[in-house]
Amino acid sequence: MPDPATTTGAPSSYRSVPVSFVRRSRRLSDAQQRLWDEQRRRYLVDVPRAAASTSVEASFVLDLGAVPPGTGPLVVEIGSGQGDAVVAAAAAHPGVRYVAVEVYEPGLAHTARQAAEAGVENLRLVQANAPEVLASALPEASVDELWVFFPDPWRKSRHTKRRLVDEAFLPLASRVLVDGGVLRFASDWQPYAEQVRDLLEAAPGFVRHGETRPDGWAPRFEGRVLTGFERKGTAAGRVVHDLAYARRPRR
Ligand SMILES: C[S@@+](CC[C@H](N)C(=O)[O-])C[C@H]1O[C@@H](n2cnc3c(N)ncnc32)[C@H](O)[C@@H]1O
C-alpha cells in the first residue's frame, strides 16, 4: 500500500513536512454546493495561498479587529470537522469569538449550515492547514483557548509522524496563546493522548490547568459536545482522555 505521507495531502514539492490530513474526494451535492456558495460569503475567511490549496501565504495575518466580529475572548478550534463543538459553543456564548480551522470542505459547509441555522454571528471559518495558521496567520498572543478534539490518530507506527500535535506543534500553540491561555485536547486513542500529555508535561512553556489530576488527565471539558467521533470511540470500548494546559506568562 502506498504511504499516504508521500502520496496524499500536499505533494512533497509543496511542503517539506508531512501533513496530518489526507485529501478526501467527497463532493458536495448541487444543492449543498449552492447553499455553501451563499454561506461561505458569510462565514469563510478569504485566505491567500502559497503553493498548496490548503496552504497560507506566509505574510497573511488575520485581522482580528474585524474577524470574527466583536471584542470578546477568542477561541480557535483546529480540525473542527462537522463543526458540532464550535457551533454549539458559539451559539451558547455570543460574547465569545470563535474561529474554526479545517481543511475538509464538506465539513466546513456543514459547519456553516449549522451556524446559519443557529443564527450564529460570532464564528468564522478558515480552510487551511492548521500549523500554517498557527505559524503566521494568527497574531502572536491573540488566542484565549485553542481546542483540538479527536485529531486523526494515525494509529500505525509508520504514520505517527503525521499526527497534528507533536513537538513542532507546541511552540506554534504557545506563539498564538495569550499568557494563561488554555490548550484543550481530547482523544480516544490512548497512545496519542499519552504522547501529547507527556509532551505537555515536559514543555517548560505549559502548566497544568484547572482540575487536572495528578496523572495529567483533565476532567471532561464541559464545553465539548458529544460528536460522532467520540460516540464511535466509546462504542468501540475506547476511553476518552481530556487534557488542559495553560500557557505560562511571557516575561
Ligand atoms: C477525526 S476528525 C475530528 C473532527 C472534530 N474535531 C470532532 O471531534 O468531531 C479530525 C479533523 O481534523 C481535520 N484536520 C486534520 N489535519 C488538519 C490540519 N492540518 N489542518 C486543519 N484541519 C485538519 C480533518 O480534516 C478532520 O475533519
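Below is a short write-up of the structure. Please read all numbers here as calculations on a predicted model, not as lab measurements. Per chain, residues are indexed from 1 in the order of the written sequence. In view of the model being predicted, local features appear only for residues whose pLDDT reaches at least 70, and side-chain atom pairs are presented and counted only at 80 or more, with totals across whole chains, interfaces and linings using the full set of residues. By convention in this description, side-chain values take in all heavy atoms of the structure and omit both hydrogens and water.

### Thoughts on the sheet that holds strand β6 (residues 206-208)
Right, so step 1: Between any two strands, at least two bridges found by DSSP are needed for them to pair. Each helix is a run of DSSP H or I of at least 4 residues and each strand a run of E of at least 2, with the numbering of both proceeding from the N terminus. Pairing within the open sheet is mixed, and its 7 strands lie in the order β3-β2-β1-β4-β5-β7-β6. Pairing within the sheet leaves two strands with one partner each, and these edge strands are β3 (123-127) and β6. For this sheet the average axis-to-axis angle between neighbouring strands, irrespective of direction, equals 25 degrees.
Right, so step 2: With 3 bridges joining them, β6 and strand β7 (residues 241-247) adopt antiparallel strand pairing. Note that in β7 the partner of arginine 208 across the bridge is tyrosine 245.
Right, so step 3: Relative to the sheet, helix α3 (residues 84-92) contacts β1 (74-78), β2 (97-102), β3 and β4 (143-149), its axis offset from that of β2 by approximately 170 degrees. All axes are obtained by fitting lines to C-alpha atoms, using only the stretch in contact for helices, and the reported angles, taken between N-to-C directions, cover 0 to 180 degrees. Residues count as neighbours in contact if any of their non-hydrogen atoms are within 4.5 Å of one another.

### Quick notes on the side chain of glutamate 102
Right, so step 1: Here glutamate 102 is to be found in strand β2.
Right, so step 2: Taking the relative accessible area as the measure of exposure, glutamate 102 reaches 7% and is therefore buried.
Right, so step 3: A polar contact is formed between the side chain of glutamate 102 and the backbone nitrogen of serine 80, at a distance of 3.2 Å.
Right, so step 4: Contacts described as polar in this section are N or O atom pairs within 3.5 Å, which, within protein, must combine one atom able to donate a hydrogen with one able to accept it, while residues neighboring in sequence count only if both atoms come from side chains. At a separation of 2.8 Å, a polar atom in the side chain of glutamate 102 contacts the main-chain amide nitrogen of glycine 81. Exposure classes here rest on a 1.4 Å probe applied to the protein chains alone. A residue is buried below 20% of its type maximum, exposed above 50%, and partly exposed in between.

### Overview of the packing of aromatic side chains
Right, so step 1: Think of it this way: a Phe, Tyr or Trp ring, Trp meaning its six-membered ring, pairs with another when their centres are within 6.5 Å, and the plane angle makes it stacked under 30 degrees, edge-to-face over 60, tilted otherwise. Enumeration according to the criterion identifies 5 aromatic pairs in this entry.
Right, so step 2: Aromatic pair tryptophan 147 and phenylalanine 221: ring centres 5.4 Å apart, planes at 70 degrees, arrangement edge-to-face. On the criterion of sequence distance, the pair formed by tryptophan 147 in strand β4 and phenylalanine 221 in the loop between β6 and α8 (228-235) is long-range, its members being 74 residues apart.
Right, so step 3: The class of tryptophan 147 is buried, set by a relative accessible area of 3%.

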